[in-house]
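Geometric and topological summary
Residues per chain are reported as follows:
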Amino acid sequence: MVVGELTQERDLLIIGGGPAGYTAAIRAAQGGRNVTLIEQDELGGLCLNRGCIPSKVYAHTAEEMLRMPHLEDLGFTVPAVHDFSKMNAYRNRVVQQLRQGVVALCQANQIEHISGAASFLSEDRIGVESGHQFDTYRFRDVIIATGSHSIQHEESCRLNAEQLYQLEQRPESLLIIGSDTLALEAAACFHALGTEVTLFADHLSLEPSLEKELKRTFKKQKIRLVSDVVTRIEASSDATVTVMKNGEEVAYQGAYLFQSLSRIPNSLTLGLERIGVTLAEDGTIPVDAYGRTNQAHIYAIGDVTPGPQLAIRAIHEAKRTAAHLSGQDVDLTTPYYPTVLRTFPPIASVGMTEQEASEAGHTLQTGQFPLNANGATTIEGGSGFVKVIADEQTSLILGIHMIGDDAHRLVGQFTQALELAAKREDLLFPVMAHPSRGEALTESIESLFGQSIHLPPRQQVGSRA
């Protein structure tokens, strides 16, 4: 190892170049700070390179695959032959293009990019190791944005979330344990691509009406859903999951096993203990509303802090903390984080469920509009519904939930409505294109008043029939 001769002075250091890190770097540079971004791997982090983006390439591919029968209804003759290696090549091109975009944006904002692994030497100094080179930097402020990682198993047939979307060949069979977004998306995607999928989940961690509809969809798509308790996992050349069913053990075998587990914060190699930064038992770094640790000039954002492990949270916190460090006033209100599942059809959910709203003391009013009564959805051969939850006394919209094509595209509109504290009448006036799925949101609101055009009176909450 070659040690740099001098400690170099820097203004704002950001450790980690994922969605949290590079977003904070750009926003801080926009605010006038001189920014140095340190990343030991590739800019974009796990999300861009091996997680969020690759998984959505698979989801997009699966979505197109499932359109084949409808295309035949429209008169096309479509040979449904899929080349897994070509999809992976496309995935690599997409990732490379987006990563190059991040590099270009950092250069355009005059952000210094240093490759290497960073660790704290003192309260105002870090060391960066890159191969045989070791350099030290003294900083004014620092943001820790090192993210998290999945557990990696020794057995080659046990995959973590990143390995799942780096397979070179389509697996013939896949066992999935979990009920979160990662597990449900993986089950839907790989099944659509031709893999035999068995999903082990006693519930699907969704708003109840969405869960019921997704279970119905999984059954229709012939995705095997096992709700019995898992008692044993075995892995060698392939995987076996054993459950207890009616007092007897039943075993399921698959070429691979994916178990969706909590991710581990990347905090333990930073040397935080030597400078007195507080760490929680789970390895996360406690912070205040600005992202500040117990050391006033040391901040942390994203997965390395307590909270939902979501890229959207990391990006939001990056903008907030960078703006604060640039001397700007920031809104410390916790935003609505939408949940999006790229199942088929996709699911979008934001705000409260009925149970959450009831427990919070609201008098509930719910409206639900089936997409099979929506012109655009009928044309395109889809199904699902839009559900709205409102406070009957104040008319405030508390939650919007949707399963159906374009749910992942409409969720921004749903989230904006909640952020603007919209009331029932506020969502009646924006005129939606016709025919479009946006009309389903309007009709779900109208059903609260008993005024939905395309629902019979008995199916409307506000109806007097």
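Residues numbered from 1 in each chain as written. Predicted model: local features only at pLDDT ≥ 70, side-chain atom pairs only at ≥ 80, totals over all residues. Heavy atoms only, no water.

Per an unreviewed UniProt entry, the protein chain carries the name FAD-dependent oxidoreductase and comes from Exiguobacterium acetylicum. In its Sequence similarities (unreviewed entry) section, the UniProt entry covering the protein chain states "Belongs to the class-I pyridine nucleotide-disulfide oxidoreductase family." Of the protein chain, the UniProt comment under Cofactor (unreviewed entry) reads exactly: "FAD". (UniProt positions renumbered as here; feature names shortened; annotations may be inferred.)

A short note on the overall build of the protein chain
Within the protein chain one finds 13 helices and 23 strands. Its C-alpha atoms give the protein chain a radius of gyration of 25 Å, within 12% of the compact-globule value 23 Å for 465 residues. C-alpha extents for the protein chain along the principal axes are approximately 80 × 55 × 50 Å. A separation threshold of at least 6 residues defines the contact pool for the protein chain, and within that pool the share at least 24 residues apart is 60%. Averaged over its 38 positive side-chain charges, the protein chain has a centre that lies 3 Å from the centre of its 56 negative ones. (Helix = DSSP H or I, 4+ residues; strand = E, 2+ residues; numbered from the N terminus. Rg over C-alpha atoms; globule rule 2.2 N^0.38 Å. Contact = heavy atoms within 4.5 Å. Lys, Arg positive; Asp, Glu negative; His and termini not counted. Charge placed at Lys NZ, Arg CZ, Asp CG, Glu CD.)

Points about the state of the cysteines
Applying the stated criterion to the full structure yields 1 disulfide. One disulfide in the model links C47 with C52; its S-S distance is 2.2 Å. Given an S-S torsion of about -120 degrees, the disulfide between C47 and C52 has left-handed geometry. The thiol of C106 is not disulfide-bonded; the next cysteine sulfur, from C47, is found 15 Å away. According to the relative accessible area criterion, C106 is buried, its value standing at 2%. (Disulfide = S-S within 2.5 Å. Buried < 20%, exposed > 50% of the residue type's maximum accessible area, 1.4 Å probe, protein only.)

Here's the deal with helix α1 (residues 19-30)
With 12 residues, α1 should cover 16 Å at 1.5 Å per step; its first-to-last C-alpha distance of 16 Å lies within 8% of that length. Restricting attention to buried positions, one finds in α1 the residues P19, A20, G21, Y22, T23, A24, A25, I26, A28 and A29. In this structure, the buried residues of α1 make contact with β2 (8-15), β3 (35-39), α2 (45-50), α5 (84-108), β7 (133-144) and α9 (311-325). In the segment just after α1, G32 is the residue with positive phi, at about 100 degrees. (Expected span 1.5 Å × (residues − 1).)

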